[in-house]
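Coordinate inspection notes
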Amino acid sequence: MTQRLTQEQLSQIVTEVEGLQLRREAELDQQQVREILQELNLPPELLDEALIQLNRRQALEVQQRRNRWITSGVVVIIVVAIASTIFFMQQQSFTLSRVSAQQDRITLTQDNGGDLKTISRQTNPEVLYRVTLKDAPLGKKLALSCNWIDPSGQIVKQNNYQTREINTSVWDTQCRYTINPAATVGNWQVQMFLEGRQISDATFEVK
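A brief structural summary. (Residues numbered from 1 in each chain as written. Predicted model: local features only at pLDDT ≥ 70, side-chain atom pairs only at ≥ 80, totals over all residues. Heavy atoms only, no water.)

Concerning the overall build of the protein
Along its length, the protein carries three helices and eight strands. Traced from its N-terminal end to its C-terminal end, the protein shows the element sequence α-α-α-β-β-β-β-β-β-β-β. For a compact globule of 207 residues, the expected C-alpha radius of gyration is about 17 Å, and the protein comes in at 41 Å, more than 25% above that figure. Seen through its C-alpha atoms, the protein measures out along the principal axes to roughly 115 × 55 × 25 Å. Counting all 207 residues of the protein, 23% fall into the buried class. Across the protein, every contact between residues at least 6 apart in sequence was considered, and the portion connecting residues at least 24 apart equals 58%. Total accessible area on the protein stands at roughly 14,900 Å², and carbon and sulfur atoms take up 52% of it. Side-chain charges of the protein comprise 22 positive and 23 negative groups, with the mean position of each set lying 13 Å from the other. (Helix = DSSP H or I, 4+ residues; strand = E, 2+ residues; numbered from the N terminus. Rg over C-alpha atoms; globule rule 2.2 N^0.38 Å. Buried < 20%, exposed > 50% of the residue type's maximum accessible area, 1.4 Å probe, protein only. Contact = heavy atoms within 4.5 Å. Areas by Shrake-Rupley, 256 points an atom, 1.4 Å probe, with all protein chains shown as cover. Lys, Arg positive; Asp, Glu negative; His and termini not counted. Charge placed at Lys NZ, Arg CZ, Asp CG, Glu CD.)

Right, here's the structure in full:
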């Protein structure tokens, strides 16, 4: 069955044929090129080698364009990855910056709910620094540390630990230190840090 064309399709076909005719007329066959080279006093026997070089140059240009596109794509991916990493780190930093101590207490292992201010070293007690955090990030594990400081200002004990995965925004945590009978008497201090940022401290007296 003969295909019927609309007037618009006919116009498009006429335009396409005219373009093909113009391109064909603009093309030269090898004999014409050889004659032009002779008119220019150039050796026509070099035509084949020149065509090879031209094809190589064109292929190289195509490859270079492809390489530029690939390089641009890789650069875009790297930039996006860096931007995403920076955004994630900023979000992580903001989340951690909101964490603070809601309550803190000094107790012995047997917690009676109080907050000890005086501790006897003669009983060789294990002292607990109990801290209740607020705005703890759900689904995360926090890196915490404590410094136990004697009356001279010397850090005699450091605790470094990671919490379990947090499942509530109000989170209880603690660090420990055993005070031996030879411990220096006087006012002691304990400090708690989150990722290197101090979030709480307390003082107590050792007798």
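Now, onward.
Some thoughts on a nonpolar patch on the surface
On the surface, Ile70, Val74, Ile78, Ile82 and Ile86 cluster together into a nonpolar patch covering about 440 Å² of accessible area. Assignment of secondary structure puts isoleucine 70 in helix 3 (residues 47–97). (Patch = residues over 30% accessible without salt bridge, like charges linked within 9 Å, V, L, I, M, F, W, Y side chains within 5 Å. Salt bridge = Lys/Arg side-chain N within 4 Å of Asp/Glu carboxyl O.)

A closer look at the state of the cysteines
Evaluation of the coordinates by the stated rule reveals one disulfide. With a sulfur-sulfur separation of 2.1 Å, cysteine 146 is cross-linked through a disulfide to cysteine 175. Given an S-S torsion of about -85°, the disulfide between cysteine 146 and cysteine 175 has left-handed geometry. In this pair, cysteine 146 is assigned in strand 4 (residues 143–149) and cysteine 175 in strand 6 (residues 171–178), connecting sequence segments 29 residues apart. This pair shows no difference in class: cysteine 146 is buried, exactly as cysteine 175 is. (Disulfide = S-S within 2.5 Å.)

Topic: the sheet that holds strand 2 (residues 118–119)
Strand order in the open sheet formed by five strands is 2-8-7-4-5, with mixed pairing between adjacent strands. What marks the edges here is a single partner per strand, and that holds for strand 2 and strand 5 (155–162). Of the pairings in the sheet, the one linking strand 4 to strand 7 (residues 186–194) comprises six bridges and is antiparallel in character. By the bridge assignment, asparagine 147 is partnered in strand 7 with glutamine 191. (Pairing = 2+ DSSP bridges.)

Comments concerning the packing of aromatic side chains
The tally for this structure, following the rule as stated, stands at four aromatic pairs. A centroid spacing of 6.3 Å and a plane angle of 25° characterise the contact between tryptophan 188 and phenylalanine 204, whose relative ring orientation is stacked. Taken together, the positions of tryptophan 188 in strand 7 and phenylalanine 204 in strand 8 (residues 197–206) put the pair 16 residues apart, joining distant regions of the chain. Three or more aromatic residues link up through ring pairs in this structure, and these residues are Trp148, Tyr177, Trp188 and Phe204. (Phe/Tyr/Trp six-rings, centres within 6.5 Å; stacked < 30°, edge-to-face > 60°.)

What about unusual backbone geometry?
Positioned with a positive phi, aspartate 135 is a non-glycine residue whose angle comes to about 60°. Counting through the fold element by element, aspartate 135 comes out in the loop between strand 3 (126–134) and strand 4. When its relative accessible area of 31% is taken as the criterion, aspartate 135 is described as partly exposed. One non-glycine residue, glutamate 195, lies in the positive phi region at around 50°. Its place among the elements puts glutamate 195 in the loop between strand 7 and strand 8.

Side note on the sheet that holds strand 6
With antiparallel pairing, the three strands of this open sheet are ordered in space as 1-3-6. The sheet is open, and its two edges are formed by strand 1 (100–108) and strand 6, each paired on a single side. Each neighbouring strand pair of the sheet contributes to a mean axis angle of 20°, computed without reference to strand direction. (Axes fitted to C-alpha atoms, helices over the stretch in contact; angles between N-to-C directions.)

Considering the nonpolar core
Ranked by size, the top nonpolar core spans 27 residues in total, and within it Tyr129, Trp148 and Phe204 carry the most contacts. Elements with a minimum of two residues in this core: strand 3, strand 4, strand 6, strand 7 and strand 8. (Core = buried A, V, L, I, M, F, W, Y, C linked by side-chain atoms within 4.5 Å.)

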